[in-house]
Structure formats: C-alpha cells, structure tokens
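# Observations on the three-dimensional arrangement
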Amino acid sequence: MGIKETLKGIGYSIGNLKNKPATYLYPDKPLPVQEKSRGMLSLDLEGCIGCELCQKICPADAITMMKIDQNKAHFKANARGEAPAVDFAKCIFCGLCVDICPPNVLHHTHKYDISTNRKDDLFYDPFRLNEVYNEEYKPLNLKSRNEEEKPSEPSTEQGKN
Amino acid sequence: MDLERFRERFGDKVKIDKNILTLADKKDLIRVVKFVSKYFDVLYMLIVVHRPPKFELNYIFSRYQDQEIIQIKVEISDKENIASISNVFKSAEWEEREAYDMFGIVFRDHPDLRRILLPEDWPGHPMRKDFVVTEEIKHWTGLDLKF
Amino acid sequence: MGEIELNIGPVHPATHGVLRLKARVEKDTVLGGDVEIGYLHRAMEKIAEQRLFNSFFPNVDKLEYVSALNWEILYASVLEKALGIDIPPRAKYIRVILAEIQRIMSHLIFIGAFGQDLGNITVFTWALRERELLMDIVEKISGGRLAPMYLRVGGTEYDLPEGFDSMILPVLDRLEEKVNKDYKAVTYENSLFKMRTKGVGVLTRDTVKKYGITGPNMRASGIERDLRRSEPYFVYDSLDFDIPVEDAGDSYARFMVRIREIQESIKILRQAVRALPKGNYINKQPWMFKIPPTEAFVRQECPRGEGAMFLVTDGGMKAYRLKIRSPSFYTVQAMPEIIKGARVADLFTIIASLDPVMGEVDR
C-alpha cells in the first residue's frame, strides 16, 4: 500500500547519518560570511567631503548630517563642516549609501552583532563610526562601479584646492 | 492588432493611437467593452491615475492565444461615478473594489462594492493626491471593530 | 440540519501567509466561502510616489520574498523602457541566469510547504537543504540572502565572481539527482500521496479563462502559454527548452508541472552558463535622473504567473503612478469557486497546490 516507498524514504534518511552535522556553533564560533556580505557601516572621517548625497538616497531616513568641529576632525577638504551620523535602529543594510559616496569613504564591514541594551546606544555619531573603521574589522576595498577607476585607498590625496 | 474595426463600428466616438483607444464620453463604455469581449478574454489590469480634478482610467485587456493587448482610456471628473464592467468580465470584480478602496470611485451596478485592502471603518481614500495624514488616522487602532 | 461557518483565520500555520477563509460547511462538504485579504498591506504604491527611482529597489525586494530577484528585474526593465536605453549582452545573460536560479528556489519552497501541509515534515527539511546551496551562490554574487539588491538601471551592480562555472555546475548536478531520485519516494511516486491529491480541486479551462489565472496553475489545466516562448525578452529565443503541460487540472497535475519546470530550468542554466559572453556588465546611468512624461508597460514570467508593471511619469525625479500586477491576486479571487464540493480535510491540499504568496497579493 505504500510500505515499499516509505521504507525507501526511510532508507534515504538513514543514509544521511554518514554526513557530518550541519550545525553552526554560534556564538562560540563565528558564522560563515561571504566576501560581499553587507554588515555594519564604517566611515573614514578625514576623507569625507560633506556632500550630503548619502542622506538624500537613504530609503529608510537613517542618515542625518551633524556639524563637526573642523579642528577635531582633521578634514582634508570639507566646506560645510558636516559628516553623516547613522541610526542603526532604522538602517536596513541595503548598501545604496556605500555605492553613491563619491570619495568612497563609507564602507561595509563584516560585523553583524551590534545589539545593545538601550535603544539610544544604536545611534552612532561620526566619531564612533571612525573608531569602527580603525578597529580589527578591516573594511573591504571592493572594485568601484567603473572598471577604469582604481579601488580607493584609505588615505588618498583629495581636495587639492 | 488592427484597430480599424473599432473605427468602422464607433465612428468618431473613439480616437485611436497605436493600440490605445480614447473614449470621448464615458457613457459609451459598456457598448465598447461588449464589442471588445468578442476578441479578448480577460481584463488584465485597471490603472487609475489622479490628475486633479480628473481621474483617468486605463483598462488593459488581453487574450490567451497570442500576445495582443488593447488599452482603453476614459476620463471622468472627481465627483462622478461610472458603470461597472464586472457583468462582462468577471475578473474585474476585485480590481474595481481596489479602485474604490484607494481612490473613492463608485462603480454603478457592482455586485459587492466594499473595501478590500483597508479595514471597513478607515477614514479617507489614501491614493488621492490631496490626502493628508490627520490625527484620527495616526491614532486609529481598530480595537472597536466587531468580528 | 444547518450549515456552520468555519473560520480559517489569518493566523494559521497552513495558509501560506495571512489569508482569511470563511467556509460554509455542511456535514463534511464545503458549500462555498468568502476570502478576505489585506492583513499584510504595506502601501507600496504610495511609497513609490515619494522615493527617488533608485531608492525604491529595497521595497521591490520585499514584494514576493521567496524569489526577490525576479521582481527587481521587472522594475529595472520598466525603468529602462521609459528611459529608452539598451543593456549590453552580458547583462542580459546574467539576468536570465539569476531569474532561473530564483525560479528553482521558489519551486523548492513550494515542494516543502506542500509536503508539510499533508503532514510530511521530512520533505520540508530536504527541500530547504537544497535551497541553502543555491542561497549561498546568491550571497556570493550579490551580498544578501533574502534581499539581494543586485540590479541597477542599465545592468547589474557587480560582475559575476571569478570561477562562477565551477561554483554552480556541481550544485546543479546534485539538485538534479535529488529531484529525480530522493523526492520520488516520498512525493510523486508514493501511493499515499497520489491518493490524497488525485482528483482533488479540479480547475477547469473555463474557470481559468474567466478569472485570468496564469502561470503553472494554468498550464496544469491544458492551456499551453508561456511568456518566455510567445513574447521572448532578453535571450530566451536563443535557448532551447520545453513547456510542461498537463491535462487533468487537479492538485497532482499542479505538482507535476512544477517538478518538470525545475528540470527545464536546470537545462536553461547549463546552456546559459556555457554561452556567457565577455564585455561590459552595465550601461552606466546617473544616480538621480529625470524621466520625461511618458507611460511604460512591461510584463514578464514570474514563478507564479505573469507579473506586470505600469509606470506613469511627469518629468520629475519621482514616479507619478506605479501600478503592480501580481499573479496571485487573481488566483485568490478564484478560490471560492474551486473549493465547492470538496471535503474539509482537502481544503488545505487545494490552498497549498495553488501556491499564493500574501506579500504580493496585498502589496
């Protein structure tokens, strides 16, 4: 009545015992991520030019521009004296701000565990984003959209006027 | 598809431009749609565009044996109502209910015209261009709806 | 005695999302019913009027969340038709490859969910295990699993990674072996499964033509129509594949059509990967652009039927009106007529074999 096929199906399941287990031992070991995975954002503060394009294109309204003291930040060329602040409670990790940034100073890292106890801790101002950039989660330098442009180094000479 | 037969049948009540038919008067809609139903099987989409103070309705029909489509355009004003075509094409029932829900257009002789995507006592019609989010909408919770 | 009204409510593990079905039942037969939708309405069409063209891509991903790249390809195509630009040949092949990968993933979820509704949880875990291999490939290409965000106007964002053939061909071999051998014993050649699905929920040709149902549900009732064959877009007219058609119109035929579509998609993928040309992968456009006043209409074959988009612009940087046609909307409209005369225990078989996804019905 269905006994022979069911026994065949059980045979396939028992044949799975020879494979190794597929469990990820998170949080003892890190999760496997690919090269292009979109994690937390990081900012190279010296190269930011304050153009506000990342604020205009964000679909979730998570980026706001904050006024920064020019002496503390050591900007190379920033006319308005502004830099982006990211609210990770609203960010959807879509990657549009990283693509549009003209001097290529916003990057994705591979850090995926940023949960805290208070919601206000998730608002990262530009100095905290700069600290993420200098930490051990080094950002990747993926090729930019044009094949001819070279991938930007962290400290190019920009704004030569 | 050759639209010459429409021009022969209806004269100057229609204006033809590639495969888009524009009707001059909304009262001819049922007669034109009944003529369309001899050649096409099903209503594919109904698109309503609000250009204040008028609504522009686009009906797109298609059929199963090849890939021809035809588009019919009608213009009505903000405060009028229009005849329903759900007696001719059965797939138009839910499309017209959605147009009533989002824009507030009333279709005459529809078998069951009520809201479909939003709850029954929601105030306003959201897709109109003069829709404003009021305090009543911000605090709407739906806790006094009876099931 | 009377009939009772059975409410299969929106929160239910077997309704494929949030669908409410009010069935009128007498003794063990269903006499008819009412369908209520709108529990997942997220106002996508109103948001499209307030975002720039390129900022709307994350919303399009979340319409049909099991096969997101198909709808991204459709939205990028409608913007390219309104602008009047062409895309390079390599981009066309990449889009065909991604569309077929997502079609296989969507049909694997269908097999798993269908088996689980009948009580067979083993098939669900097997189908998700195969889907993980394909999901790893999508993550290597684009960076995201459920929301890839890979398409841009004029092509794609990055190129395919190096060594792409050696990544995907072993996965296709393993998938073919599993679908042809392992799944047979617990689904389509199992006599218990056949008893529960043959003759249940018959969908006649007249009902299909009355309600405008398209996709695999239409092909299981005998109508042979596929947009990839009759109105070919991208490079489908140079690839060699068949269209599976069945005659019976019951749940077993709808299951078999989707199994054969997986086999045909594997054939298409093998040909496309071998014929991939070299060159540019994008025809670069500015990030914030304006479109002159026009109308554009594009339709393509999504895994559940024919999807379409209609765009009206007025010369600004945002859309004036965007209308999305989803194929599951018309399938759910026809549900009260299909369940007449069935037994109560067969209701879930019928709903699972029609395969609605509530994310695209409610938008």
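Relevant structure appears above.
Okay, so let's go over this structure.

Thresholds applied
Residues numbered from 1 in each chain as written. Chains lettered and ligands numbered in written order. Predicted model: local features only at pLDDT ≥ 70, side-chain atom pairs only at ≥ 80, totals over all residues. Heavy atoms only, no water. Contact = heavy atoms within 4.5 Å. Axes fitted to C-alpha atoms, helices over the stretch in contact; angles between N-to-C directions. Helix = DSSP H or I, 4+ residues; strand = E, 2+ residues; numbered from the N terminus. Parallel < 35°, antiparallel > 145°, perpendicular 65-115°, else oblique. Left-handed = near helix turned anticlockwise from the far one by under 90°. Nonpolar A, V, L, I, M, F, W, Y, C, P; charged D, E, K, R; others polar. Pairing = 2+ DSSP bridges. Phe/Tyr/Trp six-rings, centres within 6.5 Å; stacked < 30°, edge-to-face > 60°. Buried < 20%, exposed > 50% of the residue type's maximum accessible area, 1.4 Å probe, protein only. Buried area = accessible area lost by both parts, 1.4 Å probe. Salt bridge = Lys/Arg side-chain N within 4 Å of Asp/Glu carboxyl O.

## What to know about the arrangement of the chains
The highest contact count of any of the 2 pairs of chains in contact belongs to chains B and C. For the non-touching pair chain A and chain B, the nearest C-alpha separation works out to 19 Å.

## What to know about the packing of helix α11 (residues 251-274) of chain C against helix α14 (residues 347-354) of chain C
All names here are of chain C. Interaxial distance between α11 and α14 falls to 10 Å at its minimum, and their mutual angle equals 30°. Here α14 runs roughly parallel to α11, going by the angle between their axes. The handedness of the crossing between α11 and α14 is left-handed. On α14, the residues touching Ser251, Arg254 and Arg258 of α11 are Thr349, Ser353 and Leu354. Looking at the contact of α11 with α14, its residues break down into 1 nonpolar, 3 polar and 2 charged.

## Some words on the sheet that holds strand β7 (residues 305-312) of chain C
Residue and element names in this part refer to chain C. Overall, antiparallel pairing links the 3 strands, which are arranged β6-β7-β8 in an open sheet. Where the open sheet ends on each side, the last strands, each with one partner, are β6 (295-302) and β8 (321-325). Between one strand and the next, the sheet's axes are offset by a mean angle of 10°, whatever the strand orientation. The pairing of β6 with β7 spans 8 bridges and is antiparallel. Across the sheet, Gln300 pairs through a bridge with Gly307, a residue of β7. Of the strands in this sheet, β6, β7 and β8 touch helix α3 (residues 68-83), which is tilted by about 155° from β6.

## Concerning the packing of aromatic side chains
Counted under the stated rule, the structure contains 24 aromatic pairs over all chains. When the centroid spacing of 6.4 Å and the interplanar angle of 5° are considered together, the rings of B:Tyr59 and B:Phe61 count as stacked. The same class applies to B:Tyr59 as to B:Phe61, namely buried. Here a set of aromatic residues connected by ring pairs shows up, and it is made of C:Phe110, C:Phe114, C:Phe193 and C:Phe255.

## Observations regarding the interface of chain B and chain C
Contacts between the two partners involve 39 residues from chain B, matched on the other side by 37 residues from chain C. The contact between chain B and chain C buries some 3400 Å² in all, and 57% of this surface belongs to carbon and sulfur atoms. If you sort the residues of chain B by the area they bury against chain C, B:Tyr44, B:Tyr64 and B:Trp94 come out on top, with a joint share of 26%. Viewed at the interface, chain C and chain B are joined by 5 salt bridges. Measuring nitrogen to oxygen at the nearest pair gives 3.0 Å for the salt bridge that ties B:Glu98 to C:Arg363.

## Focus on the pairing of strand β1 (residues 14-17) of chain B
All names here are of chain B. The pairing of β1 with strand β2 (residues 20-23) spans 4 bridges and is antiparallel. Paired with Asp17 across the strands is Ile20, a residue of β2. Between β1 and β2, which pair antiparallel in sequence order, lie 2 residues; one of them, Lys18, sits at a positive phi of approximately 60°.

## Observations regarding the pattern of salt bridges
Considering all chains together, one arrives at 46 salt bridges over all chains under this definition. As a salt-bridge pair, A:Glu52 and A:Arg80 come within 3.5 Å of each other at their nearest N and O atoms. A residue pair is termed long-range when its members are at least 10 positions apart, and A:Glu52 in the loop between β1 (41-43) and α2 (53-57) and A:Arg80 in the loop between α3 (70-73) and β3 (82-87) qualify at 28 residues. Among the residues examined, A:Arg80 registers a relative accessible area of 46% and is labelled partly exposed. In this structure, the salt-bridge partner of B:Glu75 is B:Lys54, at a minimum N-O distance of 3.8 Å. One end of the pair, B:Glu75, is in strand β5 (residues 69-77); the other, B:Lys54, is in strand β4 (residues 54-62), with 21 residues separating them in the sequence. Among the residues examined, B:Lys54 registers a relative accessible area of 40% and is labelled partly exposed.

## Observations regarding the packing of helix α5 (residues 121-142) of chain C against helix α6 (residues 164-186) of chain C
Residue and element names in this part refer to chain C. As a packed pair, α5 and α6 sit with axes 11 Å apart at the nearest point and diverge in direction by 170°. Regarding the angle of α5 to α6, the classification is roughly antiparallel. Here Val123, Trp126, Ala127, Arg129, Glu130, Leu133, Leu134, Ile137, Lys140 and Ile141 of α5 lie close against α6, whose contacting residues are Phe164, Met167, Ile168, Val171, Arg174, Leu175, Lys178, Asp182, Tyr183 and Val186.

## Re unusual backbone geometry
Residue A:Pro27 follows A:Tyr26 across a cis peptide bond; omega there is 5°. Structurally, A:Pro27 is set in the loop between α1 (3-14) and β1. In this structure, B:Pro53 follows B:Pro52 across a cis peptide bond, with omega equal to 0°. Relative to the assigned elements, B:Pro53 resides in the loop between β3 (42-51) and β4.

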